[in-house]
Amino acid sequence: MTVGKDVSALFPDVVNCMQTDNLELKKLVYLYLMNYAKSQPDMAIMAVNTFVKDCEDPNPLIRALAVRTMGCIRVDKITEYLCEPLRKCLKDEDPYVRKTAAVCVAKLHDINAQLVEDQGFLDTLKDLISDSNPMVVANAVAALSEIAESHPSSNLLDLNPQSINKLLTALNECTEWGQIFILDCLANYMPKDDREAQSICERVTPRLSHANSAVVLSAVKVLMKFMEMLSKDLDYYGTLLKKLAPPLVTLLSAEPELQYVALRNINLIVQKRPEILKHEMKVFFVKYNDPIYVKLEKLDIMIRLASQANIAQVLAELKEYATEVDVDFVRKAVRAIGRCAIKVEQSAERCVSTLLDLIQTKVNYVVQEAIVVIKDIFRKYPNKYESVIATLCENLDSLDEPEARAAMIWIVGEYAERIDNADELLESFLEGFHDESTQVQLQLLTAIVKLFLKKPTETQELVQQVLSLATQDSDNPDLRDRGYIYWRLLSTDPVAAKEVVLAEKPLISEETDLIEPTLLDELICYIGTLASVYHKPPSAFVEGSRGVVHKSLPPRTGSSESAESPDTAPSGVQAPEQPAVIPTQGDLLGDLLNLDLGPPVSGPPMATSSVQMGAVDLLGGGLDSLMGGGGGFAAPSAAAPATLGAPLSSGLGDLFDLTGGVGTLSGSYVAPKTVWLPAMKAKGLEISGTFSRQVGSISMDLVLTNKALQVMSDFAIQFNRNSFGLAPAAPLQVHAPLAPNQSVEISLPLNTVGSVMKMDPLNNLQVAVKNNIDVFYFSTLYPLHILFVEDGKMERQMFLATWKDIPNENEAQFQIKDCSLNADAVSSKLQGSNIFTIAKRNVEGQDMLYQSLKLTNGIWVLAELRIQPSNPSFTLSLKCRAPEVAPYVFQAYETVLKN
């Protein structure tokens, strides 16, 4: 079996051997069982009785062996038979059996979490934290931590000062791995005040002298965390700092792999609290036989610890390293000298002279690195060390790396007035302009423009040459754009050009590679784990649902995939630069303000429309025919309005009544008119109305009735600011005066480019109507489906990506009752109101419709509608970046489906 041969055929015979009293034989049988139970689950049931019996054996070793094996047999059928024996073993009088049973609970929870909770094993585990035996305590903590990790929301390890006290007592007596479990558990506890934090630190400090490096790092993690709560004025704080240094130094005498892990952790500690190791610089000096990964890590820490007190020592070391044979290490050492100069101002002069000595060695890669760092030194200390430029210029011909060439060109351009032959030097680079890397080309362009602004008479030809090379002969957009900007600046306003190109540059800061503070604080909590070696939070490299909270990245904008599938792009209208996943917007108001307020384009050239459509197809990656005829949209006509980014509902539909086959001509559901303003409140004027959406344009359909005794005329209408920017797209036109007892029907076109303000409820609209008698005010609620636009059909892949990307707390569920339509009828009815079905699935007899819709202000709403054939109630789940709109979308669903 252990050499890979299949001996599963012997299962029944081996199971018969379980009855033996020989402990060694029993171990072998149990080993066999663990191996083959998964492939022979029916046979494994035969062994259950023996387990139950062995769990009551007088020998504690056999009891523990039985419970350990039970936990390792991952067969669902058997688990329920194991609950009773496990319960007994958790309360066994022998601590060895109890500690084994504690781990078994965690294993069982992994197979069947519900069963463990129902049987009350978790409460028993919590009781074991108070056990008299330290190993039982450690295993109980380990099991609870494991379970809590896979269920981050459950508050299993409910720690309080009493339980912490028990853990600290057990800490001194349990094995090294038990100590690690307890220390990791302590690190998750939040002391109530600084006194409690100090007392925990005092009891954890002895662990720093442990022989196992994992225990040491776990103890360091607890202390680093709790030190946050201690005041720096406390004597104890200083003592603790002193105590932390020796164990970290000791870790560096281990083998290279352990040293590397220790150094990665020390790197974090030094960034958080450099004072811990400020006197220990010497231990980070590189030994000749260190592997390269240890050398580079030590160099990094040396620079972090460099200060005025130890800079002489550090520089002497670095200069030595720069003559080593390992190229990578030498490069890093030269860079380190430059970083020291930038970090410790008093040492800058010494650093520069060290770098000059290195340049004199004429070793190619040393010279190149030195020039790169000298450029940074010039930026940190302008007008101080420019005397070295002559030496740098001597080495121009030997530079072949892009970064070094770019640095040298920057120096020549920046100090052109001090270099007599600057034009010749730059001209020498121009000869192979197109073979240079982009970095060098950009730097050369800027340097020559600087040179021209400083010495205009001598360099006119040179600047024209570089501008034409950058703009006319280059296919790099960055280079072309920069070339054109300089060209226009120089040709229109040389004074402005001077101000822009020769502006004062900000000084560079010392530490550019520090870890961002919030990430550093998070990584300090993960000292001693993989996260502290990678210098990344666990969510960046742990996949799956192991309790790591994923921090999602904001979606990239301007990616190569369009957010709209091409078969729904209406008439060549394409929103500008749709991001691939709909961007996260802070709050609803942010969403609503995200309106495209560009003025409607009233007669665009035909060409624009066709070009736009081409772009849609290329980006979307597939036309109707490929998508199985999408939504039955006709090919967009070139004459359709290319409204270049104005929202579809911006009142353009009625200016060009050209549908181009977009959407359904029947239009969305229109509610019957209701009285909005009764005559008794408006001196005889009664207004009733409704809202409708037809082919991309919204209108307010009004009936004005004069119930007064005098003629009414001079009508006008105005809307207050509202959630979606609804506003009249034209004046209210009542052509003839309204005589008593006469009514007039008017359709007022609306757009969504008005002012935005969040209303309560969201779909509230406040209206003022004026006539020759007075001004009257009323408010009404508009149904949200009038704001669902025609290009709201999302492409499938996009739908999936977006659904996953929107956090689960943004999901809302609703019930649509008393609706007797089938899935197809529902789908076509909703499509009439621009709610588009993207996919339909049948799961266990119920139809699932996946739908998308888009509001006029660009908010997308994704929906899952569950329909059971015999059940008149549907379940609607909505996901949206602005969860506030969900209830109103649900109302729209109800309104459309029930009418």
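Above this note sits the structure.
Criteria and cut-off values
Residues numbered from 1 in each chain as written. Predicted model: local features only at pLDDT ≥ 70, side-chain atom pairs only at ≥ 80, totals over all residues. Heavy atoms only, no water. Salt bridge = Lys/Arg side-chain N within 4 Å of Asp/Glu carboxyl O. Helix = DSSP H or I, 4+ residues; strand = E, 2+ residues; numbered from the N terminus. Buried < 20%, exposed > 50% of the residue type's maximum accessible area, 1.4 Å probe, protein only. Arc of directions from axis to C-beta. Pairing = 2+ DSSP bridges. Axes fitted to C-alpha atoms, helices over the stretch in contact; angles between N-to-C directions. Contact = heavy atoms within 4.5 Å. Expected span 1.5 Å × (residues − 1).

Student: Just to check I follow, could you spell out the pattern of salt bridges for this structure?
Tutor: Once their charged atoms are close, side chains differing in charge can pair, the charge on each being opposite to the other. As enumerated under the stated definition, the model contains 34 salt bridges in all. Among the salt bridges present, the one from Glu56 reaches Lys88, with a minimum N-O distance of 2.6 Å. With a gap of 32 residues between them, Glu56 in the loop between helix 4 (48-54) and helix 5 (60-72) and Lys88 in helix 7 (residues 83-90) connect regions that are remote in the sequence. With relative accessibility at 44%, the residue Lys88 sits in the partly exposed group. For the salt bridge of Asp300 with Arg339, the shortest nitrogen-to-oxygen distance reads 3.6 Å.

Student: How should helix 14 (residues 194-204) be read in this particular structure?
Tutor: Along an α-helix, residues three or four positions apart point the same way, because every turn accommodates 3.6 residues. Restricting attention to buried positions, one finds in helix 14 the residues Glu196, Ala197, Ile200, Cys201 and Val204. Along the axis of helix 14, the buried residues cluster in a sector spanning 140°; they form a single face.

Student: Explain the sheet that holds strand 8 (residues 775-781) to me, please; I cannot follow it from the model alone.
Tutor: Whether parallel or antiparallel, the strands of a sheet pair through hydrogen bonds between backbone atoms. With respect to topology, three strands assemble into an open sheet ordered 4-7-8, the strand pairing being antiparallel. Two strands in the sheet have a free side with no partner beyond their single neighbour: strand 4 (716-719) and strand 8. Here the average twist between neighbouring strands, direction ignored, is 25°. Here four bridges tie strand 4 to strand 7 (residues 764-770), and the two strands are oriented antiparallel to one another. Residue pairing in the sheet places Phe719 in a bridge with Val767 of strand 7.

Student: Sorry, what's going on with the side chain of Glu196 here?
Tutor: Locating Glu196 in the fold gives a position in helix 14. Accessibility expressed as a relative area gives 11% for Glu196, which makes it buried. Residue contacts for Glu196: discarding those within four places in its chain leaves Pro161, Tyr189 and Pro191.

Student: Hey, could you run me through helix 2 (residues 23-36) in this one?
Tutor: If you check helix 2, its first and last C-alpha atoms are 20 Å apart, about what 14 residues at 1.5 Å a residue would give, namely 20 Å. Here helix 2 has its buried residues at Lys26, Val29, Tyr30, Tyr32, Leu33 and Tyr36. Around the axis of helix 2, the buried residues are gathered within 160° of arc, so they sit on the same side. Opposite the buried face of helix 2, by more than 90 degrees, sit the exposed residues Glu24 and Leu28. Those residues of helix 2 that are buried lie in contact with helix 1 (11-16), helix 4 and helix 5.

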